[in-house]
Structure formats: structure tokens, C-alpha cells
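Descriptive structure summary
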Amino acid sequence: MSYRLALVYGLSALIAAAVLLPVGVLLVLGAGSEVALGAQALEIALNTLLLTVLTTAAATLIGAPLALLTTYTDLPGRPLWTGLLAAPLAVPSYLGAFAYFAAAGPGGEIEALTGLATPSVDGLLGATLVLTLYTYPFVLLSTRAGLRNLDASTLDAARTLGMPLWTALLRVVLPRVKNSLAAGALLVALYTLSDFGTPAIMRLDTFTRAIFVEYNAFGLDRAALLSIGLLGLVAVVLLLEWVVGSTRERPGRTPRLHLGRGGAAACLAAIGLLLMAALGMPLGVFTLGVLREGAGSFDPAMLVRSASVSALAAAAAVLLALPVAYAATQGRVGRILERGTYVGFGVPGIVLGTALVVVGLRVDLLYQSIALLAFGYVVRFLPLAVGNIRAPLERTEQGLVSAARSLGASPGEAFRRVTLPLILPGLLAAGALVFLEVMRELPATLLLRPSGFETLATHLWEVYEAGYFGRAAVPALLLVAVSGVAVALMLRRERGNDDALT
Amino acid sequence: MMDRRTFLKGLSALGALGVSPAWAASGAAEAVPADQLPELSGDLTVYLGRGEGGLYKQVVEAIRERNPSLSLEVRRGSSSGLANTLVAESEHGGARADAFWSIDASSLGHVASEGLTRPVPAALHEPLPEAFRFEAFAPVSGRVRSMAYNPERVREADLPERIMDLPDTDLTVGWAPSYGAFQSFLTAMRLLEGEAATRAWLRGIQGRARSYAGELGAVMAAAQGEVDLALANHYYTLRLKEGQPETSLELAFTRGDAGALVNTSGIALLSQGATPVDFARYLHSGEVQRFLAEEAYEIPLAGGVEPPAGVPALARLEPPELDLTRLGDLQPTLALMREAGVL
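It should be emphasised that the depicted structure is a prediction, and the values quoted were computed from it without experimental measurement. Note on numbering: residues in each chain are counted from 1, in written sequence order. Working convention: letters from A go to chains and numbers from 1 go to ligands, in the order in which they are written. Reporting in this predicted model follows two pLDDT cut-offs: at least 70 for local features of residues, and 80 or more for side-chain atom pairs to be given and counted; totals over whole chains, interfaces and linings ignore these cut-offs and use all residues.

1. A short note on the interface of chain B and chain A
Our working rule: Any two residues are considered in contact once their C-beta atoms, placed from the backbone, lie within 7 Å. Here a strand is any run of E in DSSP of at least two residues, a helix any run of H or I of at least four, and the numbering for each starts at the N terminus. Three classes are used, and their members are as follows: Ala, Val, Leu, Ile, Met, Phe, Trp, Tyr, Cys and Pro are nonpolar, Asp, Glu, Lys and Arg are charged, and the others, Gly among them, are polar.
Taken together, the 42 residues of chain B in the interface contact 38 residues of chain A. For the side of chain B that touches chain A, the secondary-structure elements that each account for two or more residues are β2 (70-77), α3 (79-91), α6 (180-193), α8 (215-224), α9 (234-243) and α12 (331-339) of chain B. Among the elements that make up the side of chain B that touches chain A, the one with the highest residue count is α3 of chain B (seven residues). Residue composition of the side of chain B that touches chain A, grouped by class: 10 nonpolar, 23 polar and nine charged.

Structure representation (C-alpha cells):
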């Protein structure tokens, strides 16, 4: 093993160990407790599994075509749409779930406003709908990063040989981004496994609901034990993604597909519909609340706090993800280390937060500090960054780096001038994802933040919990706006990189 | 309704509104106006469990403004989350809170059962009715269990007078089994009626019950006619009607049993010294009691403050007698709920 590889492995092992530390605490907390779930356990496991499978499938079916659309086509206003399409990641899914709960069904807001009867949105299908709307951007962003690294020539060749466009996309493009696609799908699955709010509001009995009930009844040990059970499902999902192989190829010119006026109009209509469902619906329901109860007071400093702590966590996660992702491309040990960092995303935030409280109390200086809060975010969201950086790294042709080295570039220069530009889209997507997730994260934030550190998410929770959902409208709108702008900014830099490459 | 800004100004400018003496007969001392309370100073860390959309925080901010030499740190979170945190802090040697003001008695009871609270001094008992003088914490404001129903669909006469009779009706019920307030209610039933009766009650209703994530959801369902009645804290109905006054929704109460449980928010004293006690006295002041009643529809408990129109007055309710500290013992209740297949 070369000196550099040993260094990368060592660094990754350290990061993986830090991320797994709270999981270790969880094992200690859960040791010795017992939960008798009985016959209910089977139903809970089945519900959890079905919800995860359905949501992952639906999010992939929505996210993958959108990635294609926003990467390869001449859709008017592409950066804007991409930003907006990613923005649902900033909406806490429990708010979306509540909006659908309040709007649909007999006597809901839709019926009250329009007189149209709508079916209730609840149960397995309701939870799937809501979770899909707030997780498909995982697939969208990671697939985009993968697509951007493909060379147009293979697709062009297939087309020249007479293959219809759709067949070519399915048979020539899709297999080459399958690992990016799988990385996105993995995040959807893990998010679904660890989300509490949506199944609870949709009245679906899942693992997280059982965990939350125990936690609230001061059964920390039982909550920890149930979380360990949930980790079993997380392990299965991680193994499934493991078997999706990766492909390597020389990056090149991004393909361009022309939609035509009719095609563009149809695509814009579909995008508009999706955005209405994911963003328009909650904002509409909360706006009704504003009209009824007034917007309430709102402190703009919360916005600054949310954005700055999210940016801090995003930067830290990307920085720490680099060695882990690199190690993952270097062999089996590296991949195992990388898998280790994914565990945090499958543990419900409330349990992870509790474990980190115990960690923080051991180091008094850390307890209730921004540092511990940011560490909590990294533990939970590191895989969002790792997955998006690993995929492009895997495809980076080692020959290019070797060529740069043989032309006299130092390893640092080769990284900066060859590897970095190639993985930059991945880095940006990674940062954007972590940023958005931190913006909406609630349970761990409540437990770990410094006293008095109010963010948009904690404020939203507070007014929602008390039943004042009119007061949720302004902060929810700001959350969406800031996230949309942040993503659009990152994508603008992505375009700059595009020009540099071609 | 009192404007929030007026309240803040009033409290900080030492203004006090007149206090009705209606409760003098019940043994409770009259509410002390905030300007007659001692000025607070020194360091104080308060853990604030929930807080009704920021209303509790406004109270805390008003107290902060009124006492410039007090260095006040406030940490907000879910009531059970903060209770768990307090226990973890004490186990790992990092206790830092001086007082725990929480929205539900069960979290206060849990902290007390771990031995973290100091006895409530007589000064904090005086303004409270006898039934609310506990050793572990001082109640601040009350909320009563209720049956919320749509009078266009259900006649009040069809609602049971005793909560234990609910299984004998054919009414469909909306409830929120995973919600803290419901579990507290059921814990009260378990303590008052016994485990077997509670189990039978759960099984009797289960077939006609729909579960909701929270009690606001259950109350909305009753308004929309999804269920005949919702078992919920009274204020969800009042808040829903504040936003949608045309909503057809009324409150009914059972008598002398867990169905009429008056649960409270309250403050537990965690550290020694006079400051936490004096802080708690502010929460019993006429201004704060009125503010919580008018803005959050909570039932005033201290100093005989009259509730505003719409909020049920304590004198007209028949709550069961129960030391609310015991509501912290939730695990046996969860076991019952699991046995009955409700959770």
C-alpha cells in the first residue's frame, strides 16, 4: 500500500469512527432494555419496508427524467427550474404532510374553497406521495452530477447508427449513470427509513413512530433499542446499493437535446404541476392560515442563523467527504469505511441527537455549542456529500491524472487542475444537498443547539406544534426562497465549470 | 383581546390591571401584580418545554425586560426532549438548568422521579387552589380534557357524562394515541380506575376510533365530520375556531373522572437559591395568568384570575383528584396501549 493510500485510508477511518461514535453510544443506551412489540412488530416492519420501496421507486421515476431534462435539454430557464425543483428538499416533510392532511379529503380546504370532493391523503399511499415529493430531489441532484460527466460521443454514435432517442437514453445513457442514480435512490430510502413526521401525520405505523413514542415516554433505552432494529433495515439498503457496480469513462462534451416548442411546453407543464404539488400546496395552505390568523411576528435573524449554520455544515461535510469518497474508489477497505459513514443518515435525528448529547456532556466545552451542532449535522448528512463526490470520482480517468503528473505537475497541481474540475459538479451538488437538509433538520437541532439559537426550522416547529399554522407561512416561504436561491447560485457556478471544460 | 405588545409594555412598565377576587373563597391567595414582585438578578437558566407558538417565550422576554440585572438563558425544546436532556445532564455531571417550565405535567413528573427537583416552597403554593399544590412542581396554567363535537352532527345529550361510559355509546372517536396529552389522560385513567378497566375501555372504543398524529388533527376531523367526537385538550378547539370562526364545533366535559382531567403546565425548581422561586412567582402574576388565558386559551390557575369568555372556568369543571406528578409514570400506560393494540 502506498504512503498516500495509507494516509487516505487512515483519514477515512478516523472520519468513519467519529461518525459511528454516536451509534456506539446508542448501542450502550439500548443495551439491557427490552421492548415487547409482539404481533405489531411484523406490521411495523412491513409498513416500513413497503413505504421505503414505494417511495424509492416513485422518487427515482420522477427524479431521473428531471435530471435528464435539466442537464441535456434546451429547456428555457433551465437553471431557474433546477433550483426550484431542488427546493422541496428544504421543506420539512412534516409540513408537507400536514398541508395534504388539511387540504384533501372530505371537509378539507380544497373542498371548502372549490366544492370539489377529493379523496383523503393518508395511509401508505399518502405517506408515499408526500415523501416522494420531498425526496425526489436526491435522485435529481445526484443523477445530474453523473449525467454531466458523460461524453456526448457515445450517445451521438448510437443515434447515428439509427437508435431512437428514447432507446438510446435507456440503453446507452442510463447504464452509465446507474451508480449516481443508485446513490440518489439510497438517500431516498434512508431518508424514508428515518423520517418520523410524515408516517405519523399520515397515520402509518412505522419503526420511527414506535421510536418516537418510546422517546416521548422517557423510554430512552427502548428508543435506542428500536433504533438498533431500524439499523438492520439500513444495513440491508446499504448492501443493496453496494451491488450496483460503477463505470469509468473519459469525461467530455455534455450532450445537447432539442426539445422543440411542443416538447418544452409539455415539460414545463409537468414541472409546474410537480412544483405546485410540492411547494404550492403547503404554501397555499399556510397562506390561508395567514389570512385567518395573521402572519404573527418573525425575527429575520433566524434566517441568517439557519443559512449560516447550514453553510458551515455543508462546507464541513464536503471537506470531510472528500477523503472518504476517494478512499471508496481505491478498494474494498475504502468502500467499507465509506459505508460506515452512511449509518448516521438512517438513524432518526431524535435518537442521534440524544446520543450526541451524551457525547457532548463528556466534553463539557462542546455541549450545547455550534461545534457540536455542526458535528451532529455532519454525522447525519455526510453520506449526502460522500455519495455525490464518489460517483464522479469513480468515473475520473486515472490516465488524465497520470498524464498531468508525467508532464511535471505535482500531485497537488494534478488534483487542482485535473481532478477538481472534473468532480466540481459533484462537490457542488454535495454542498447543496447538505445545505438543504440542514435547513430543514429539526429533531437533532432542538437537542444540540446552543440555548436561544432559534432557526427557521425550530420556529416552524414551534408554531406548528401549537396549532398556529398561519404563522408558519412566512418562515416556510423564506425557507423555500433561500434554498431555491442557494441551489441556483451553486448551479450557476456549475455552468461556469461547464464552459471551462469544453 | 390584549395585544402582545401592550402586554410586554405593561409588564415592563410595571403596569397592572385589576385582578378579580372571585377565587378568594377557594383558598388561593390573590394574584400579585408583577410590579410588586422582587426584582430578579444574577444568572438563571430556564429550560422551556414547548411553549404555545412562542407565547411562553414572550412571557420570558417580558420578564427579562422587566429585570435588567438578570442574566437569563432560555433553552427551548419538546417537553419530553428536555426532560430526557435534564436526566442525561444529571447522569453525566453537566446539570445547568435552574428551572424547568414545561407544558405538561408528565415531563415534570419524570424529572421529579429522577430526584432532580427541589420541593416547591409555600410562597409558590399560596396563589394556587389546594388541588394544585404539589411538592415536585408548581402548576402555571391548566388545560382540561374535553370531547370536541360538531353540534350539527351530534347532540350534546348523546355524549356520555362519564368517560368510562364512552365504549357503551355508538359514537365514533378521533384520538391521538402517540400524543403526550392523550397518554397523560390515559395514565390518569389507569391511576383512577385501574389497569383492567383502562384496558377494557381501550378495547371497547378501538373499533370505532380513528387515530391522528396530534390532537389538533383529531379536532379538525371532528369538525369535518370524519368522527363524531375528538378526545383532546380543550384549547385545540378554541384555537381552531379562532382561525375559522364559522367552524361548527363545541366542547363537552365529563364529570369527576379522567375524561375531565385538568392537566397543567408547570415549573419545577432544579437549583437552590431564591431566583428560580422568584422567577416562578412572575408566572403566577395576574399579567402572565391573563396573558396565557387570552392568547393561548389556557385556564388561569393562580390568584383566582377569571378566564376570558370561551375558556372553561375551573369552578365549572369537575376534575378528578390526582397528584399530577404521578403522570410521569408513562411506561405502564404504553404497555397497556400496546396490549390493546392501540399504539
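Having seen it, we continue.
2. Here we look at the packing of helix α7 (residues 195-206) of chain B against α12 of chain B
All names here are of chain B. Heads up, the rule is: Only the stretch in contact is used when fitting a helix axis, every axis being a line fitted to C-alpha atoms; angles between N-to-C directions are given from 0 to 180 degrees. Each angle gets one of four labels, with under 35 degrees taken as roughly parallel, over 145 as roughly antiparallel, 65 to 115 as roughly perpendicular, and the rest as oblique. Crossing handedness: left-handed means the near helix sits turned counterclockwise from the far one by under a right angle, and right-handed means the same turn made clockwise.
One can describe the packing of α7 onto α12 by two numbers: an axis separation of 9 Å at closest approach and a directional angle of 40 degrees. Here α7 lies oblique to α12, going by the angle between them. For the crossing formed where α7 meets α12, the hand is right-handed. Packed against α7, whose contacting residues are Glu195, Thr198, Arg199 and Leu202, the element α12 presents Leu336, Met337 and Glu339 at the interface. Looking at side-chain class alone, the contact of α7 with α12 contains three nonpolar, one polar and three charged residues.

3. Concerning the nonpolar core
Convention followed: A set of buried Ala, Val, Leu, Ile, Met, Phe, Trp, Tyr and Cys residues, joined through C-beta atoms within 7 Å, is what we mean by a nonpolar core. Neighbour counting defines burial: a residue surrounded by 20 or more other C-beta atoms within 10 Å of its own C-beta is buried, one with 12 or fewer is exposed, and intermediate counts give partly exposed, using backbone-placed C-beta atoms. An automatic or database domain assignment is the source of the domain bounds shown.
Counting 279 residues, the largest nonpolar core has Ala317, Ala321 and Val434 of chain A together with Ala99, Phe100, Ala222 and Ala268 of chain B as the members making the most contacts within it. With 15 residues, helix α17 (residues 370-395) of chain A is the largest single contributor of residues to this core. In terms of domain composition, this core takes at least three residues from each of domain 1 (4-142 + 264-313) and domain 2 (143-260 + 329-339) of chain B.

4. What to know about the domain arrangement of chain B
All names here are of chain B. The domain boundaries assigned to chain B delineate domain 1 (4-142 + 264-313) and domain 2 (143-260 + 329-339). When each unit is reduced to the centre of its C-alpha atoms, the spacing between domain 1 and domain 2 is 27 Å. Contacts between the two partners involve 12 residues from domain 1, matched on the other side by 10 residues from domain 2. Among the residues making up the side of domain 1 that touches domain 2, the classes are represented as six nonpolar, four polar and two charged.

5. A closer look at unusual backbone geometry
With a phi close to 55 degrees, glutamine 368 of chain A is a non-glycine residue in the positive phi region. Since 23 C-beta atoms lie within 10 Å of it, glutamine 368 of chain A is described here as buried. Phi is positive for tyrosine 297 of chain B, close to 60 degrees, though the residue is something other than glycine. For tyrosine 297 of chain B, the position within the fold is in the loop between α11 (286-296) and β10 (299-300). Overall, the presence of 24 C-beta atoms within 10 Å leaves tyrosine 297 of chain B in the buried class.

6. Digging into the environment of valine 386 of chain A
All names here are of chain A. Relative to the helices and strands, valine 386 resides in helix α17. Accessibility expressed as a C-beta count within 10 Å gives 29 for valine 386, which makes it buried. When the C-alpha atoms of valine 386 and alanine 430 are compared, they prove to be 7.3 Å apart, with 44 residues separating the residues in sequence. Those residues in contact with valine 386, other than ones at most four positions away along the chain, are Ala321, Val324, Ala325, Glu338 and Thr341.

7. What to know about the pairing of strand β3 (residues 99-102) of chain B
Along a regular strand, successive side chains alternate from one face of the sheet to the other. All names here are of chain B. Just so we agree on the cut-off: Strands are treated as partners if at least two bridges between them are detected by DSSP.
Alternating positions in β3 separate into two faces, Ala99 and Trp101 on one and Phe100 and Ser102 on the other, with burial throughout. Taken together, the four bridges between strand β1 (residues 42-49) and β3 define a ladder with parallel strand orientation. Residue pairing for β3: valine 46 is matched across the bridge by alanine 99. Sheet analysis places β3 next to strand β9 (residues 262-269), joined by four bridges and oriented antiparallel. By the bridge assignment for β9, alanine 99 is matched with leucine 269.

8. Description of the pairing of β9 of chain B
All names here are of chain B. Judged by how many residues are buried, β9 sits mostly within the fold: eight of eight residues are covered. The side-chain alternation of β9 yields two buried faces, one formed by Val262, Thr264, Gly266 and Ala268 and the other by Asn263, Ser265, Ile267 and Leu269. As defined by bridge partners, strand β4 (residues 138-149) adjoins β9 across six bridges and the pair is classed as antiparallel. Each residue of the ladder has a partner; that of alanine 138, found in β9, is isoleucine 267.

9. Some points on helix α9 (residues 178-194) of chain A
To be explicit about the condition: Working rule for helices: expected span equals 1.5 Å times residues minus one.
Taking 1.5 Å as the rise per residue, α9 of chain A with 17 residues should run 24 Å; its terminal C-alpha atoms sit 24 Å apart, in good agreement. Burial of α9 of chain A is extensive: 16 of the 17 residues sit out of reach of the surface.

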